[in-house]
Amino acid sequence: MQFGIFSLGDVTPDAPTGRTPTEYERIKAMTTLAVRAEEAGLDVFATGEHHSPPHVTSSPPTLLAYVAARTRRLILSTATTLITTNDPVRVAEEYALLQHLADGRLDLMTGRGNVPNVYPWFGQDLRRGLALARENYALLHRLWREEEVDWKGSSRARLDGFTSTPRPLDGVPPFVWHGSVRSPETAEQAAYYGDGFFANNLFAPVEHYARLVDLYRTRYADHGHGSAEQAVVGVGGQLFVRARSQDAVSEFRPYFDRSPVHGGRESLEECTARTPLAVGSPDQAVEKVLGFREAYGDYQRQLFLLDHAGLPLSTALEQIDLLGERIVPVLRRELAASRPPTVPPGPRHPAAAAGAPAPLDPAATASGTH
């Protein structure tokens, strides 16, 4: 089981003080959180792709490359890469290059996004969203697996004997998750290719995503990739903890009430009751996450959103420390104790599993010897 954090990269005012961080501060804060996640013993850092205010995550490969240079073990992922509006050739090449730089520590999560305006900004038609997702991913899948690709589709210029460069590290493409908020078509696409399915849940009832996961597992088996329990599932969620539950609720409430995601929709109590949001003590957070297994079955990856809604960097860092010290060790122990041996582990590139190569000797490099 892999545990990690993901960031939306939103630039939101701090609720108690009203101060809004600069874009520079927010970008640097995200990289600081990623480094702390590795130090705390977490497995994954992921970032979304957004092209409109108040978000700063317009170029995930750039951000993740910077994080790769500052970490040694952390798996890096997107959450998500817009498969509908990005050119699949650019996606294939940029992320294969990043995979090399990160010594294999790279995943890709594809999705259609939740901002309709992004389609015309990149010359696409929102009404073709599902068709674009199918066609663009079909091309990306081939580009990472075939040396020469002939392609003719409706969303980009044709390809004749095209080879994307660099090739995936050691011939193994980045593992792909198909992230979904509401679409059974996404679950079917993930199952068809034998890829992972990520229930990207922030504000919907757990039961809604359980139905999508069940569909994905069933179709994964139908397509001959293995049994339903061998399907690879990831789950999103939100967390805010303090040693005492009443302190967590009191501190987080103003952020929740002014959150661009949650503010005005419902009360904090209503949201924690029906969605994956956990606000309380570490023990309460553990209990809630253990309940996800009842809804989704044994799954491979759990990511938490910790730095949203204007929470200051210092507070988000404290949340990572609490995850690493009080929550994740308990979850690892409890989940491992009852995990069937037939359930696969979280995905990891063979090069990353073997450990990153030793850095080059600067003196030897300068002299031309290795």
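Residues numbered from 1 in each chain as written. Predicted model: local features only at pLDDT ≥ 70, side-chain atom pairs only at ≥ 80, totals over all residues. Heavy atoms only, no water.

J.: What is the right way to read the nonpolar core from this model?
T.: Within soluble globular proteins, side chains that are nonpolar tend to cluster in buried spots. If you look at the biggest cluster of nonpolar residues, it comprises 83 residues, and the most contacted ones within it are Ile5, Tyr216, Leu239, Tyr296 and Leu323. Sort the elements by how many residues they give to this core and helix α11 (residues 313-337) lands first, with nine residues. Beyond its immediate stretch of four places on either side in the chain, leucine 239 contacts Leu277, Ala278, Ala285, Phe304, Leu305, Leu306, Gln319, Leu323 and Ile327. One finds Ala248, Phe252, Leu277 and Val279 within the second-largest nonpolar core, a separate group that totals 12 residues. (Core = buried A, V, L, I, M, F, W, Y, C linked by side-chain atoms within 4.5 Å. Buried < 20%, exposed > 50% of the residue type's maximum accessible area, 1.4 Å probe, protein only. Helix = DSSP H or I, 4+ residues; strand = E, 2+ residues; numbered from the N terminus. Contact = heavy atoms within 4.5 Å.)

J.: Before we go on, may I ask you to explain helix α6 (residues 184-193) in this structure?
T.: Each α-helix winds once per 3.6 residues, and so residues spaced three or four apart point in a common direction. Listing the buried residues of α6 in full gives Thr186, Ala187, Gln189, Ala190, Ala191 and Tyr193. For α6, the elements touching its buried residues are α5 (129-143), β8 (175-180), β9 (196-199) and α7 (206-222). Looking one or two places after α6, you find glycine 194, whose phi comes out positive at around 75°.

J.: Looking at this model, I keep getting lost on unusual backbone geometry. Mind explaining?
T.: The peptide bond linking proline 53 to proline 54 adopts the cis configuration, its omega dihedral lying at 10°. Omega for the bond connecting threonine 165 with proline 166 falls within 30 degrees of zero, at -5°, which places this linkage in the cis form. In this fold, proline 166 is placed in the loop between β7 (159-162) and β8. Positive phi, close to 55°, is recorded for aspartate 103, a residue that is not glycine. You will see that aspartate 170, though not glycine, has its phi angle at about 55°, which is positive. Mapped onto the secondary structure, aspartate 170 falls in the loop between β7 and β8.

J.: Just checking my understanding: could you explain the packing of aromatic side chains for this structure?
T.: Centre distance and the angle of the planes are the two values used to describe a pair of aromatic rings. Going through the model one piece at a time under the given rule, you end up with 10 aromatic pairs. Taking 4.9 Å as the distance between ring centres and 85° as the angle between the ring planes, the aromatic pair formed by tyrosine 137 and tyrosine 193 counts as edge-to-face. With tyrosine 137 in helix α5 and tyrosine 193 in helix α6, this residue pair connects regions lying 56 residues apart in the sequence. Under the relative-accessibility criterion, tyrosine 137 is labelled buried at 1%. An angle of 90° between the planes, with centres 5.0 Å apart, marks the rings of tyrosine 192 and tyrosine 193 as edge-to-face. Linked through ring pairs, Tyr137, Tyr192 and Tyr193 together constitute an aromatic cluster. (Phe/Tyr/Trp six-rings, centres within 6.5 Å; stacked < 30°, edge-to-face > 60°.)

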